[in-house]
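Analysis of the macromolecular model
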Amino acid sequence: MTDKEKKSIESKLLDVSDVTICEATAQMLTKARRDGVEIAFDRAATMKACPIGADSACCKHCSMGPCRLNSKDPYGKVGVCGATIDTIMARNFARMVAAGSACHTDHGMGMLELFGEVVTGHNQDYSIKDPQKLIDVAASIGLETAGREIKDIAIDLHHELEKTYTQVNGEIPFAKRVPKKTLETWRKHNIVPRGAMREIMEMMGRTHMGEDQDYENIVNQCSRTALADGWGGSMVSTEISDILYGTPVPVLTEVNMGVLKENMVNVIIHGHEPNLFESVLASVNTPTLVEAAKAAGADGINLVGMCCSGAEMMSRHGIPHAGNFSSTEAVLVTGAVDAMGVDVQCIKQGLVKVAECYGTPLFTTNPRCKIEGAQHIALDENDPRACTDEIVIRAISRFKNRKYPVEIPKLINPSIHGFSYEYINYMLGGSFRGSYTPLNDNIINGRIRGVAGVVGCTNPRVKQDYVHVELVKHLIKNDVLVLQTGCSQIALAKAGLYTPEAAYLAGPGLREVCETVGMPPVLGLGSCVDNSRILIAASEMVKVGGLGESIADLPVAGAAPEWMSEKAIAIGQYFVASGVYTVFGVTFPIITDTKFHKLLFEGLEERGFGKWGFTPDPIEMANMMIAHIDKKRKALGIDKARERTLIDMNDRRQIAAA
Ligand code: NFS
Ligand code: SF4
């Protein structure tokens, strides 16, 4: 790079305090710049987003194009084939839904495959840890469970759940869990998913040049495909992970980069599938490997997670978590990471270079995800330890030969995570009669105004964690209970909200509930596939009664304030199709004042679904969600209850005196 080029890049680089509110990441970003190492924040500053692509106003589905339409005058031009702006935007959006759904369903199908190997006895490295969950899941889709052997139920369950992916006609098994009226809406529009493979295949085919050119019809298939993810692939993934590894219950853990230890062999696992992580957990607890680490001069081996499988392991086993998506390169800058193992999804190619700069061995482990320059050690589920022991051995040897100065940000946030759908049952309902009745009661009486799901990524194009944190603070201050998954919950954990003490930030009604139960005002439910837990919780709220007949009637809303991945779009679409108002931040790939925009942001709600919303501003986002929650409360006739609940003692005395 010439000096002139360097200067031009430097002039574009932003102040670290403008790109993140995560102090650890800011500290490492400053160090990286000192060390001459580039990370995603730097690249985001120098890579200008394409304005036509940002509006989704271009199509490259065939070689008569690529065709660029004019976002200022969207109906002034069509593609060479005649495709209109609505067709082009809808097709681009649909392919995002298809890709995102494919990621989750592929992951879920892999989980189910492993489950199949375990139940048939072909795999003995994993086992069924939660037989009760197995029985509950089987019963929820109508399988006979009374008086039967666990193994027989498991074989039937495996067989039945395979339909989630491979079924050609009919309805996916978990359609049985959908509230009746919501399911009726899906049936009316013919969007009950058949099997994920079929839906994704059809989505890809329909968006080929010259096929489906009716944006409404394309959006219908978007919903069907996304539902095959949320109520299909993702839900199977969550349920099978719980059966194999245990259903989470709240656990105290630590979040932030300070969980790395200078005097220990630090192993980071980053990715999405719990199989790799569970096996590494077994490896780091193996006495011979612990001895080897000590012989190399370390106090022991320190296993740490990042991103979604990190969130899952944190919820299930209390494994410490070092940070979310925007921190995965930054964490390597500490020089303290002795090995990083990755599996699939959200693994930046940029990691290779940063790892190289600090002598950290980076291992890919899944045949679906190799990266040029990273070493591949395949994880064979029938012999997982061969891979994970090797990662630990390589980490020990890197520790022994550490060449780079270590600088670990001294930041640790104690956090409680692991609120499964089942635990919320127990927590609010008491140990004898667990149910969602107390949650519904507290919503009806107005102490809890409504429930929000705040989920999704961080994105180096916006100040890391800032939108998540401001949004959630504003929601809880207004008595909205917040459920979280994925990278978003890590943002809030670093901001200190995952403690019961954080209830002081909540409004009076929510604070009272938190204090009675001893829970934080935000509940972490796991990784992104665990958004399925939010869907199940919503269905349960409908079934318990008093809050309407469908998910669309509930006083709930969703948000992905710093999204970046196609998976997030798939999640957004399945929430919308399930009946939830869902607001995205950062940017939205659409031109306003088009028919396609009107359909997503208004029309879907008129058809009985939820709808999309967009704003990059966290306070505006919170207010949009709260306004929607209030609208639903009014429709349910429970808006007055809230006014009564929130009058204070002074008001009461005045009423009594009058
Ligand atoms: Ni979800 Fe997880 Fe994070 Fe976003 Fe990526 S790790 S699956 S996509 S960035 S929340
Ligand atoms: Fe252009 Fe139509 Fe081909 Fe797209 S499908 S690139 S709009 S000609």
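Not measured: the values here are computed from a predicted model. (Residues numbered from 1 in each chain as written. Chains lettered and ligands numbered in written order. Predicted model: local features only at pLDDT ≥ 70, side-chain atom pairs only at ≥ 80, totals over all residues. Heavy atoms only, no water.)

**Focus on the overall build of the chain**
Summing up its helical and strand segments, the chain has 27 helices and 15 strands in all. Against the 2.2 N^0.38 benchmark of 26 Å for 658 residues, the chain shows a C-alpha radius of gyration of 25 Å, consistent with a compact globule. Dimensions along the principal axes, computed over C-alpha positions, put the chain at roughly 70 × 65 × 60 Å. The buried share among the 658 residues of the chain stands at 60%. If you sum the accessible surface of the chain, you get close to 25,200 Å²; carbon and sulfur atoms cover 52% of it. Positive and negative side-chain charges in the chain, numbering 69 and 78 respectively, have mean positions lying 4 Å apart. (Helix = DSSP H or I, 4+ residues; strand = E, 2+ residues; numbered from the N terminus. Rg over C-alpha atoms; globule rule 2.2 N^0.38 Å. Buried < 20%, exposed > 50% of the residue type's maximum accessible area, 1.4 Å probe, protein only. Areas by Shrake-Rupley, 256 points an atom, 1.4 Å probe, with all protein chains shown as cover. Lys, Arg positive; Asp, Glu negative; His and termini not counted. Charge placed at Lys NZ, Arg CZ, Asp CG, Glu CD.)

**Section: the site of ligand 2**
Contacts to ligand 2 come from C59, H61, C62, M64, G65, C67, G79, V80, C81, A83, R91 and M209. A class-by-class count of the residues in the shell around ligand 2 yields eight nonpolar, three polar and one charged. (Near = heavy atom within 4 Å. Nonpolar A, V, L, I, M, F, W, Y, C, P; charged D, E, K, R; others polar.)

**A word on the site of ligand 1**
Neighbouring ligand 1 are H272, C307, C308, F325, C346, G456, C457, C487, C528, M564, S565 and K567. Looking at side-chain class alone, the shell around ligand 1 contains eight nonpolar, three polar and one charged residues. Both domains that furnish three or more residues to the shell around ligand 1 are identified here as domain 3 (251–400) and domain 4 (418–636). (Domains from an automatic or database assignment.)

**Details of the coordination of the nickel atom of ligand 1**
Within the protein, a single donor atom binds the nickel atom of ligand 1, namely C528 (SG) at 2.2 Å. Take C528: it is sitting in the loop between β12 (522–524) and α22 (531–544). (Donors = N, O, S within 2.8 Å, 3.2 Å for Na, K, Ca; no water.)

**Describing the state of the cysteines**
In the structure shown here, the tally under the stated rule is zero disulfides. The cysteine C369 is free of any disulfide, with C103 supplying the nearest cysteine sulfur at 10 Å. (Disulfide = S-S within 2.5 Å.)

**What to know about the nonpolar core**
Of all hydrophobic cores here, the largest spans 145 residues; its most connected members are F115, L157, L475 and L600. For this core, the leading source of residues is helix α6 (residues 85–119), giving 15 residues. Non-local contacts of F115, meaning those with residues more than four positions away in its chain, are made with I128, L134, A154, L157, H158, I240, I243 and L244. Counting residues in hydrophobic clusters, the runner-up holds 38 residues, among them V259, A355, I371 and A374. (Core = buried A, V, L, I, M, F, W, Y, C linked by side-chain atoms within 4.5 Å. Contact = heavy atoms within 4.5 Å.)

**Regarding the pattern of salt bridges**
Summed over the entire model, instances satisfying the criterion amount to 35 salt bridges. Close ionic contact of K180 with E184 constitutes a salt bridge, the shortest N to O distance being 3.8 Å. Residue K180 and its partner E184 are located together in helix α9 (residues 180–188), separated by four residues, close to a single helical turn. In this structure, D553 and K181 form a salt bridge, with 3.9 Å as the shortest nitrogen-oxygen distance. Here D553 is found in the loop between α22 and β13 (556–560), whereas its partner K181 is found in helix α9, with 372 residues between them in sequence. Under the relative-accessibility criterion, D553 is labelled partly exposed at 21%. The exposure class assigned to K181 is partly exposed, which follows from its relative accessible area of 34%. One salt-bridge network, in which partners are shared between bridges, spans K133, R177, E239, D242, E312, R316, E422, D530 and R533. (Salt bridge = Lys/Arg side-chain N within 4 Å of Asp/Glu carboxyl O.)

**Description of the domain arrangement of the chain**
The domain boundaries assigned to the chain delineate domain 1 (3–52), domain 2 (85–245), domain 3 (251–400) and domain 4 (418–636). Inter-centroid distance (C-alpha atoms) of domain 1 to domain 4 is 32 Å. Taken together, the 13 residues of domain 1 in the interface contact nine residues of domain 4. Taken over both partners, the interface formed by domain 1 and domain 4 buries close to 820 Å², and the fraction arising from carbon and sulfur atoms is 62%. If you look at where domain 1 meets domain 4, you find zero salt bridges. Our enumeration of links across domain 1 and domain 4 arrives at five residue pairs in polar contact (both at pLDDT 80 or more). Breaking the side of domain 1 that touches domain 4 down by element, the ones donating at least two residues are α2 (16–19) and α4 (40–46). Tallied by class, residues from the side of domain 1 that touches domain 4 come to eight nonpolar, three polar and two charged. (Buried area = accessible area lost by both parts, 1.4 Å probe. Polar contact = N/O pair within 3.5 Å; in protein donor to acceptor, adjacent residues only side chain to side chain.)

**Brief notes about the side chain of D465**
Relative to the helices and strands, D465 is located in the loop between β10 (450–454) and α19 (466–477). Here N324 takes part through its side chain, which lies 3.0 Å from a polar atom of the side chain of D465. A polar atom in the side chain of D465 sits 2.8 Å from the side chain of K494. D465 has contacts with I21, C22, N324, T458, A491, K494 and E562, leaving out every residue within four places of it along the chain.

**Structural notes on the packing of α19 against helix α25 (residues 618–636)**
One way to put it is that α19 packs onto α25 with a least axis distance of 8 Å and a crossing angle of 40°. As the angle between them shows, α19 and α25 are arranged oblique. Of the two elements, α19 crosses α25, and the hand of that crossing is right-handed. Contact residues: α19 offers Y466, V467, E470, L471, H474 and L475, while α25 offers P618, I619, M621, A622, N623, M625 and I626. Among the residues making up the contact of α19 with α25, the classes are represented as 10 nonpolar, two polar and one charged. (Axes fitted to C-alpha atoms, helices over the stretch in contact; angles between N-to-C directions. Parallel < 35°, antiparallel > 145°, perpendicular 65-115°, else oblique. Left-handed = near helix turned anticlockwise from the far one by under 90°.)

**Let's talk about the packing of helix α14 (residues 307–317) against helix α20 (residues 486–494)**
At a minimum axis separation of 8 Å, α14 and α20 run at an interaxial angle of 65°. Between α14 and α20, the crossing angle belongs to the class labelled roughly perpendicular. The interaxial crossing formed by α14 with α20 has left-handed handedness. Packed against α14, whose contacting residues are C307, C308, A311 and M314, the element α20 presents G486, C487, Q489 and I490 at the interface. Taken together, the residues of the contact of α14 with α20 break down into six nonpolar, two polar and no charged.

**Points about the pairing of strand β14 (residues 581–584)**
The two faces of β14 match: Y581 and V583 on one face and T582 and F584 on the other face are all buried. With four bridges joining them, β13 and β14 adopt parallel strand pairing. Bridging across to β14, G558 finds its partner in T582. You can see the chain leave β13, run along helix α23 (residues 566–578) and come back into β14, and the turn it takes is right-handed. Here β14 runs beside strand β15 (residues 612–614); their pairing, made up of three bridges, is parallel. In the sheet register, F584 faces β15, and the bridge partner there is F614. (Pairing = 2+ DSSP bridges. Right-handed = clockwise from strand over helix to strand, strands pointing away.)

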